[in-house]
Amino acid sequence: MFAITAALAFLTLTLLFCFGTKKPCRKIFLLDFACYKPTTLQMCTREEAVDQITLYANLSKESSEFVKKVIKIGGLGNSTYLPEALLTKPPNPCMENARRETERAMFGSIDALLEKTGVECKDIQILVVNCSIFNVVPSLSSVVVNRYKLREDVISYNLTGMGCSASLMAIGLAKQLLQVHPNTYALVVSTENITENEYKGPDHPMLLINCLFRLGGAAILLSNRPFDHSLSKYQLIHTVHTHTASSDLSYNCIRQEEDEGGRRGINITKDLLVAEHKAMESNMSSLGSLILPLSERIRLTVNSIIRKLHVVRIQPYVPDFKKAIDHFVTHVGGKPVMDELQKTLGFSDVDMEPSRMTMYRFGNTSSSSVWYALAYAEAKGRIKKGDRVWQIAFGSGFKCISLFWRAMRNVDYEKLNPWTAEIDGFPLNLDNLESFPYSFEPSKQT
């Protein structure tokens, strides 16, 4: 009895010491964000995109028809953007043009962000830049430092190879840095390069990138300065990172490699949706324990215990996240990915509207797509003070990242929102889309 009492007393003192000495977390605010909107000269219709991809990769009639079907059925409209180097005849994907594409996307979004916030470059102390498959020397973070003459002691990171989840991952990194650097601004810049990374071969799984990805970029400004509370759009409440690369199936489902002819590209296997579901299930479980009401958490916990103990054979419980969120913003990965996500979560067409309309208007802009989708919800006047926003993105590896925000104020009309001039024309009815021409099937591998 004495031993038990002593153990409980020791445990109590330990907990009191841990909680008593733990430093409080600094509140992280999102002052604002901006999305790059290319010029009309870079706009292309579906037909123009098919023609350019066919010319660039010297495709056969069969492969060209496949591209045509993917672009149409994948949810893209007639006003997405391609870099100038791929719109010329013949295309000219050289290093100089690749740099020009990326710099325009980064500088365009950063310039708009600085105009919106009024923050001076000398006050930015943390910089995180992400671009998965375009790596140059000096790095893209150095390109930004040079362009905006950031301070010499700026803490800068350049993230590569992180896929479409990289922007939300960069926010998570900036959050950690802001915990140890008080009264600081952190700039996150997210983009992807198309010019040098289009696939030039006939393999259908590797042609998917050519079909779905488009030009874009975003810049986000975070702050931990207490007096920015009233100026900010959102407060970052939770970040949840899930990385399933320990699974060979997940690790290999999106992979940069060469085809049989030695042509480099991104291979997307039929296991993509299996990997997505696995990562999402784990991520949702972790996020749910943080944001769901008690009744949903109890159901989730009981379901997990029953399945782990093999009491009876039951399906995983999918919580009702609508009880904890007001707006859902997912990465614009393409119609099959969004369909699977909507089916799994049981969300309505209205819940998915920002992401589906972003796919139609801007295409898959990789990691920055979640910001175009959030900008859509803002342009529609749907974001009100106190609203809860869930952003989720998936990326190679395989990774699933969730951010949970709370709106600090109503978001009204904004001149620099990429949707402002045309938002009244949305949403569009996309129900007539046929089935996707590339079948994602569950793998036999466990």
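Residues numbered from 1 in each chain as written. Predicted model: local features only at pLDDT ≥ 70, side-chain atom pairs only at ≥ 80, totals over all residues. Heavy atoms only, no water.

Section: the overall build of the protein chain
- The secondary structure content of the protein chain amounts to 14 helices and 13 strands.
- Relative to a compact globule of 446 residues, whose C-alpha radius of gyration would be 22 Å, the protein chain shows 23 Å and is just as compact.
- Along the three orthogonal principal directions, the C-alpha set of the protein chain runs to about 85 × 60 × 45 Å.
- The buried share among the 446 residues of the protein chain stands at 54%. (Helix = DSSP H or I, 4+ residues; strand = E, 2+ residues; numbered from the N terminus. Rg over C-alpha atoms; globule rule 2.2 N^0.38 Å. Buried < 20%, exposed > 50% of the residue type's maximum accessible area, 1.4 Å probe, protein only.)

Considerations on the packing of helix 10 (residues 272–291) against helix 12 (residues 335–345)
- Packing of helix 10 against helix 12 leaves a shortest axis separation of 11 Å and a crossing angle of 40°. Considering the angle they form, helix 10 stands oblique to helix 12. When the axes of helix 10 and helix 12 are compared, the crossing they make is right-handed. The residues of helix 12 that touch helix 10, namely those facing L272, L273, E276, H277, M280 and M284, are P336, V337, E340, L341, T344 and L345.
- A class-by-class count of the residues in the contact of helix 10 with helix 12 yields 8 nonpolar, 2 polar and 2 charged. (Axes fitted to C-alpha atoms, helices over the stretch in contact; angles between N-to-C directions. Parallel < 35°, antiparallel > 145°, perpendicular 65-115°, else oblique. Left-handed = near helix turned anticlockwise from the far one by under 90°. Contact = heavy atoms within 4.5 Å. Nonpolar A, V, L, I, M, F, W, Y, C, P; charged D, E, K, R; others polar.)

Observations regarding helix 11 (residues 294–309)
- Between the first and last C-alpha of helix 11 there are 22 Å, a value that for 16 residues agrees with the 22 Å anticipated at 1.5 Å per step.
- What helix 11 keeps buried is the set E296, L300 and N303. For helix 11, the arc enclosing every buried residue in end-on projection is 65°, short of the 170-degree limit, so these residues lie on one face. Of the residues in helix 11, the exposed ones pointing more than 90 degrees away from the buried face are L294, K308 and L309.
- For helix 11, the secondary structure elements touched by its buried residues are helix 10.
- Remark: H310 follows helix 11 within two positions and exhibits a positive phi of approximately 55°. (Expected span 1.5 Å × (residues − 1). Arc of directions from axis to C-beta.)

A look at the packing of aromatic side chains
- Evaluation of the coordinates by the stated rule reveals 13 aromatic pairs.
- An angle of 50° between the planes, with centres 5.3 Å apart, marks the rings of F33 and W371 as tilted. Of the two residues, F33 is situated in strand 1 (residues 28–35) and W371 in helix 14 (residues 369–379); the sequence distance between them amounts to 338 residues. Taken as a pair, F33 and W371 share a single burial class, namely buried.
- Judged by centre distance (4.7 Å) and plane angle (75°), the rings of F328 and F347 are edge-to-face. Of the two residues, F328 sits in strand 11 (residues 327–330) while F347 sits in the loop between helix 12 and helix 13 (349–362), which places them 19 residues apart along the sequence. Comparing F328 with F347, the two get one shared label, buried.
- Feature note: the residues Y81, F362, Y372, Y376, W419 and F426 constitute an aromatic cluster, connected by ring pairs.
- The ring centre of Y148 lies 6.0 Å from the NZ or CZ of R147, which sits over that ring. (Phe/Tyr/Trp six-rings, centres within 6.5 Å; stacked < 30°, edge-to-face > 60°. Lys NZ or Arg CZ within 6 Å of the ring centre and 35° of its normal.)

Structural notes on helix 10
- If you check helix 10, its first and last C-alpha atoms are 27 Å apart, about what 20 residues at 1.5 Å a residue would give, namely 28 Å.
- For helix 10, the complete set of buried residues consists of L272, L273, A275, E276, A279, M280, N283, M284, L287, G288 and I291.

Some words on the sheet that holds strand 13 (residues 399–407)
- What the 9 strands build is an open sheet, ordered 5-4-6-7-1-8-13-12-11; its pairing is mixed. Whereas interior strands pair on both sides, the edge strands pair on one side only; in this sheet they are strand 5 (155–159) and strand 11. Strand-to-strand twist of the sheet, defined as the mean angle between neighbouring strand axes without regard to direction, takes the value 25°.
- One ladder, built from 6 bridges, connects strand 1 with strand 7 (residues 217–223); its direction is antiparallel. For A34, the partnering residue across the bridge sits in strand 7 and is A219.
- Sheet strands touched by helix 5 (residues 95–117): strand 1, strand 4 (124–130), strand 6 (185–191) and strand 7. Its angle to strand 1, the strand with the most contacts, is close to 125°. (Pairing = 2+ DSSP bridges.)

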